[in-house]
Amino acid sequence: KAGVTQTPRYLIKTRGQQVTLSCSPISGHRSVSWYQQTPGQGLQFLFEYFSETQRNKGNFPGRFSGRQFSNSRSEMNVSTLELGDSALYLCASSLGTGTYGYTFGSGTRLTVV
Amino acid sequence: AQKVTQAQTEISVVEKEDVTLDCVYETRDTTYYLFWYKQPPSGELVFLIRRNSFDEQNEISGRYSWNFQKSTSSFNFTITASQVVDSAVYFCALSEGTNDYKLSFGAGTTVTVRA
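For clarity, every value in this text was computed on a predicted model and none was experimentally measured.

## A few points about the overall build of chain A
If you tally the helices and strands in chain A, you get 0 helices and 11 strands. The C-alpha atoms of chain A give a radius of gyration of 13 Å, which matches the 13 Å a tight globule of 113 residues would have. In terms of overall dimensions, chain A has a C-alpha envelope of 35 × 25 × 25 Å along the principal axes. In chain A, buried positions account for 52% of the 113 residues. Partitioning the intrachain contacts of chain A with sequence separation of at least 6 by distance along the chain shows that 53% fall at a separation of at least 24. As presented, chain A carries roughly 5200 Å² of accessible surface, and 48% of it is formed by carbon and sulfur atoms. With 11 positive and 5 negative side-chain charges, chain A shows a spacing of 5 Å between the two charge centroids.

## Quick notes on the side chain of Ser 74 of chain A
If you trace the backbone, Ser 74 of chain A turns up in strand E8 (residues 74-78). Beyond its immediate stretch of four places on either side in the chain, Ser 74 of chain A contacts Leu 21, Ser 22, Cys 23, Val 32, Trp 34, Tyr 49, Arg 67 and Gln 68 of chain A.

## Concerning the sheet that holds strand E3 (residues 19-24) of chain A
The strands making up a sheet associate through backbone hydrogen bonding, with each pair oriented either parallel or antiparallel. Residues and elements named next belong to chain A. Spatial strand order, E1-E3-E8-E7: 4 strands in an open sheet with antiparallel pairing. Each of the sheet's edge strands pairs with one partner strand only, and the pair in question is strand E1 (5-7) and strand E7 (64-68). Neighbouring strand axes in the sheet, compared pairwise and without regard to direction, differ in orientation by 15 degrees on average. Relative to E3, E1 is paired through 3 bridges, and the arrangement is antiparallel. Each bridged residue has a counterpart across the sheet, and for Thr 7 the counterpart in E3 is Ser 22.

## Observations regarding the packing of aromatic side chains
Inspection of the entire model under this criterion finds 19 aromatic pairs over all chains. Arranged with centres 5.8 Å apart and planes meeting at 65 degrees, the rings of Phe 47 of chain A and Tyr 49 of chain A form a pair that is edge-to-face. A ring pair is formed by Tyr 25 of chain B and Tyr 32 of chain B, whose centres lie 5.2 Å apart and whose planes are at 50 degrees; its orientation type is tilted. As far as the burial class goes, Tyr 25 of chain B and Tyr 32 of chain B line up, both buried. Members of the aromatic cluster, joined through ring pairs, are Tyr 35, Phe 45, Tyr 102 and Phe 104 of chain A together with Phe 35, Tyr 37, Phe 47, Phe 91 and Phe 105 of chain B.

## Here we look at the layout of surface pockets
In this approach the atoms are scanned with a rolling probe the size of a water molecule, which exposes any empty space left behind. Of the voids in this model, the largest pocket is the one considered here, and its volume is about 630 Å³. Considering the residues around the largest pocket, the lining is formed by 26 residues, among which Gln 41, Gly 42, Leu 43 and Gln 44 of chain A together with Phe 105 of chain B are closest to the centre. At the level of secondary structure, the elements contributing two or more residues to the lining of the largest pocket comprise strand E4 (31-38) and strand E5 (42-50) of chain A together with strand E10 (88-96) and strand E11 (104-105) of chain B. Among the residues making up the lining of the largest pocket, the classes are represented as 12 nonpolar, 11 polar and 3 charged.

Calculation rules
Residues numbered from 1 in each chain as written. Chains lettered and ligands numbered in written order. Predicted model: local features only at pLDDT ≥ 70, side-chain atom pairs only at ≥ 80, totals over all residues. Heavy atoms only, no water. Helix = DSSP H or I, 4+ residues; strand = E, 2+ residues; numbered from the N terminus. Rg over C-alpha atoms; globule rule 2.2 N^0.38 Å. Buried < 20%, exposed > 50% of the residue type's maximum accessible area, 1.4 Å probe, protein only. Contact = heavy atoms within 4.5 Å. Areas by Shrake-Rupley, 256 points an atom, 1.4 Å probe, with all protein chains shown as cover. Lys, Arg positive; Asp, Glu negative; His and termini not counted. Charge placed at Lys NZ, Arg CZ, Asp CG, Glu CD. Pairing = 2+ DSSP bridges. Axes fitted to C-alpha atoms, helices over the stretch in contact; angles between N-to-C directions. Phe/Tyr/Trp six-rings, centres within 6.5 Å; stacked < 30°, edge-to-face > 60°. 1 Å grid on protein atoms, 1.4 Å probe; cavity = no way out; pocket = protein on both sides within 12 Å on 5 of 7 lines; lining within 4 Å. Points joined across faces, edges and corners; volume = space filled by probe spheres on them. Nonpolar A, V, L, I, M, F, W, Y, C, P; charged D, E, K, R; others polar.

Next comes the structure, spelled out in structure tokens:
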């Protein structure tokens, strides 16, 4: 059974650019959530999608957005990149609620220069 | 306010020693779920254990065991007979209610097991 797949693994962008990260959940999982991990702030929740609907959103500026497709794959987009957006972005998939737990991908390491 | 507190920043032990990681959580919900994850240098968060708020039974799974006490809002995790491969950052996390759909993580505890 394939795990959660995140692409790309590494990314280097210039300040002011935008970036799109992709996440393919475990087959059958309809919930995808995104987290940002930085040395200073730790692991912080960005947003969660279920059946193409955003059900919860963390405290991040509007530059951070996401979407989910009908096949449950999800993308997150960061516009007008800032140096502080450099982080490991982790995607997690779940059957639907915390009841079932969350399986994480290997993450995308974004560096903004 | 921090919902999950891991007071230990780093722990260093010699192989075969036991390691206990502390976790204190805060929630007003009666239904919630607690998790422990391991993050090796590769970056992926690896699921270790999950506990719901209605089950205070403490269990042992291989070299892992946990102690869940609602009275003190603690969910401690123990690695018995540690091995070098256990070296990683360990995170305690909380999922609140039945409609929260997110994890609140502690700051993590870095465990280093020396040969």
